[in-house]
Amino acid sequence: LAKKKGKNNYQLFTNKLKEQNKRKSMLEKDLRKAIKGEELHLNYQPQFDLETKKIVGLEALLRWNHPTYGPISPGEFIPLAEETNLILPLGKWVLEQACQQNKKWQDEGYEPFRIAVNVSVKQLQQFDFVSSVSQILQKTGLNPKYLELEITESILQDLACLKHSIKKLRALGVSIAIDDFGTGYSSLSVLYQLPINSLKIDQSFVRNLNSTNRTSAIIKTIIDMGRNLDFYVVAEGIEYEDQASFLCKNHCHIGQGYYFSHPLSSHEVQKMLVKRH
Ligand code: C2E
Ligand code: MG
Ligand code: MG
Ligand code: MG
């Protein structure tokens, strides 16, 4: 009986794998088409100064609305795009869209703010990445000081190579943020080796925060360390008021999360923006 059951489990397992692979190769094919079509767009999640409660930036987040499956999460299609190198054309498209949109808002007379764009390590590893960023800035006319690139900490393993690109990006005037900080391996060594501007505390810390637990000690430590090193400290995944007030009380600079705002369409963002007088 045990043997029979084992076999059934095995079949269930392989069937599941087959199904996953089928979906994967289908999505890959569709993603290639999506890049050319109208299925992709960016949403923008506002980032707030925790003290003044003013918008100081927006993070661009890619959205894919599949013609038959509907919205597909970046958690699913970004890793796929990275595996297949589709992230290269996709990443360029995102960067150009984000810069163009930010410039447009500035031209329309809204108070200027930074736009943050997520960048994959595959992109950073391209020998011409820095020059493609520079070209996009020129083409869209966005001042580099209004662009921030977010790099996920867990991918910062090939430090020597990335250090070189990051230095050149900084020389262009672009800012660099370390995303999902605190979950990767290189946490502390990146801090003195890379010329970065901001640290984004990983959502998992904020999610597990309550004022008496060890997570709060870790968050306080990251904030203090970040401030001592002259970085902006950003907390993401803020969903509740007590999380926001804990972070503000402990001098975290910037907050992002559903408590303040979900990611919004460009149209919705515009309604929140303030005109320069
Ligand atoms: P991330 O860069 O860490 O982005 C933050 C994620 O947290 C976003 O998920 C955002 O919608 C979500 N989020 C924001 N506030 C809250 C909150 O209060 N609670 C919770 N539970 N979640 C919150 P999203 O849009 O699904 O993106 C997931 C990841 O996909 C991003 O994580 C980023 O690593 C990647 N990604 C998204 N767009 C791009 C892109 O254009 N290029 C690259 N390379 N990666 C991207
Ligand atoms: Mg990010
Ligand atoms: Mg990220
Ligand atoms: Mg993050």
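Quick caveat: nothing in here was measured; it's all calculated off a predicted structure.

> Explain the layout of surface pockets residue by residue, including any values.
One water molecule sets the probe size; rolling that probe over the atoms shows where empty space is left. By volume, the largest pocket is sized at about 930 Å³. In this structure, the largest pocket is lined by 38 residues; those nearest its centre are Glu59, Leu61, Pro74, Asn118 and Asp179. Those elements giving two or more residues to the lining of the largest pocket turn out to be β2 (55-66), α2 (74-83), α3 (87-107), β4 (114-119), α4 (121-124), β5 (147-152), β6 (175-181) and α8 (203-207). When its residues are assigned to classes, the lining of the largest pocket shows 16 nonpolar, 12 polar and 10 charged. In this structure, the second largest pocket occupies an estimated 250 Å³ of space. What lines the second largest pocket is Lys54, Ile55, Val56, Tyr110, Glu111, Pro112, Phe113, Met272, Leu273 and Val274. Considering only residue class, the lining of the second largest pocket consists of 8 nonpolar, no polar and 2 charged.

> Please provide a residue-by-residue account of the coordination of the magnesium ion (ligand 4), values included.
Reference values for coordination geometry: four tetrahedral donors around a metal ideally subtend 109.5 degrees, six octahedral donors ideally subtend 90 or 180 degrees. Distances from the magnesium ion (ligand 4) to its protein donors, Asp179 (OD), Asp180 (OD) and Glu236 (OE), fall within 1.9 to 2.4 Å. Look at where the donors of the magnesium ion (ligand 4) fall in the sequence and you get D-D-x55-E. The metal-metal distance between the magnesium ion (ligand 4) and the magnesium ion (ligand 2) comes to 4.3 Å, with Asp179 coordinating both.

> Residues and numbers for α3, please.
Here α3 spans 30 Å end to end across 21 residues, near enough to the 30 Å set by a 1.5 Å rise per residue. All of the buried residues in α3 are Ile87, Leu90, Gly91, Val94, Leu95, Ala98, Cys99, Gln101, Asn102, Trp105 and Gln106. Looking down the long axis of α3, one finds its buried residues gathered within 160° of arc, a one-sided arrangement. Immediately downstream of α3, the backbone of Gly109 shows phi near 95°, a positive value.

> For the pattern of salt bridges, give the residues involved together with the corresponding values.
Taken as a whole and judged by the stated rule, the model has 11 salt bridges. Put simply, Lys200 and Glu150 hold a salt bridge, and the shortest N to O gap is 2.7 Å. Taken together, the positions of Lys200 in strand β7 (residues 198-201) and Glu150 in strand β5 put the pair 50 residues apart, joining distant regions of the chain. Residue classification places Lys200 among the buried positions, given a relative accessible area of 1%. A relative accessible area of 0% places Glu150 in the buried class. Beyond isolated ion pairs, a larger network of salt bridges with shared partners links Glu59, Glu150, Lys200 and Glu236.

> Can you explain the confidence of the model for the chain? Please cite residues and give values.
Any residue range with low pLDDT should be treated as having predicted coordinates unsuitable for detailed reading. In the predicted model, the chain carries a mean pLDDT of 91, and 94% of its residues have values of at least 70. In the predicted assembly, ipTM is 0.98 and pTM is 0.93.

> Explain the side chain of Ser198 residue by residue, including any values.
Residue position: Ser198 is located in strand β7. Within the structure, the side chain of Ser198 is placed 2.9 Å from the side chain of Glu148, a separation counted as a polar contact. When neighbours within four sequence positions are excluded, Ser198 is seen to be in contact with Glu148, Ile176, Ala177, Ile178, Phe231, Tyr232 and Val234.

> Please set out the packing of aromatic side chains residue by residue, giving values where relevant.
Taken as a whole and judged by the stated rule, the model has 5 aromatic pairs. For the ring pair Tyr44 and Trp105, a centre distance of 5.5 Å and an interplane angle of 75° mean the geometry is edge-to-face. One end of the pair, Tyr44, is in strand β1 (residues 40-49); the other, Trp105, is in helix α3, and 61 residues separate them in sequence. Per residue, the accessibility class of Tyr44 equals that of Trp105, and both read buried. The ring of Tyr69 is capped by Arg23, whose NZ or CZ atom sits 5.5 Å from the centre of that ring.

> Could you give me a rundown of the site of ligand 1, with the residues and numbers involved?
Around ligand 1 sit 21 residues in total, of which Arg63, Asn118, Gln203, Glu239 and Tyr258 are the nearest. Between ligand 1 and the protein, one listed contact pairs an oxygen atom with a side-chain N or O atom of Arg63 at 2.8 Å. Interatomic distance of 2.8 Å between a backbone N/O atom of Tyr258 and an oxygen atom of ligand 1. Coverage of ligand 1 by the protein chains reaches 82% of its 800 Å² of free accessible surface. Mapping ligand 1 onto the cavity grids shows that it belongs to the largest pocket. Among the elements of the structure, β2, α2 and β6 are those that each provide at least two residues to the shell around ligand 1. The dominant element in the shell around ligand 1, judged by the number of residues it contributes, is β2, at 4 residues.

Each value, and the rule that gives it
Residues numbered from 1 in each chain as written. Chains lettered and ligands numbered in written order. Predicted model: local features only at pLDDT ≥ 70, side-chain atom pairs only at ≥ 80, totals over all residues. Heavy atoms only, no water. 1 Å grid on protein atoms, 1.4 Å probe; cavity = no way out; pocket = protein on both sides within 12 Å on 5 of 7 lines; lining within 4 Å. Points joined across faces, edges and corners; volume = space filled by probe spheres on them. Helix = DSSP H or I, 4+ residues; strand = E, 2+ residues; numbered from the N terminus. Nonpolar A, V, L, I, M, F, W, Y, C, P; charged D, E, K, R; others polar. Donors = N, O, S within 2.8 Å, 3.2 Å for Na, K, Ca; no water. Expected span 1.5 Å × (residues − 1). Buried < 20%, exposed > 50% of the residue type's maximum accessible area, 1.4 Å probe, protein only. Arc of directions from axis to C-beta. Salt bridge = Lys/Arg side-chain N within 4 Å of Asp/Glu carboxyl O. pLDDT = per-residue confidence, 0-100. Polar contact = N/O pair within 3.5 Å; in protein donor to acceptor, adjacent residues only side chain to side chain. Contact = heavy atoms within 4.5 Å. Phe/Tyr/Trp six-rings, centres within 6.5 Å; stacked < 30°, edge-to-face > 60°. Lys NZ or Arg CZ within 6 Å of the ring centre and 35° of its normal. Near = heavy atom within 4 Å. Areas by Shrake-Rupley, 256 points an atom, 1.4 Å probe, with all protein chains shown as cover. Sits in = over half its atoms within 2 Å of the grid points.

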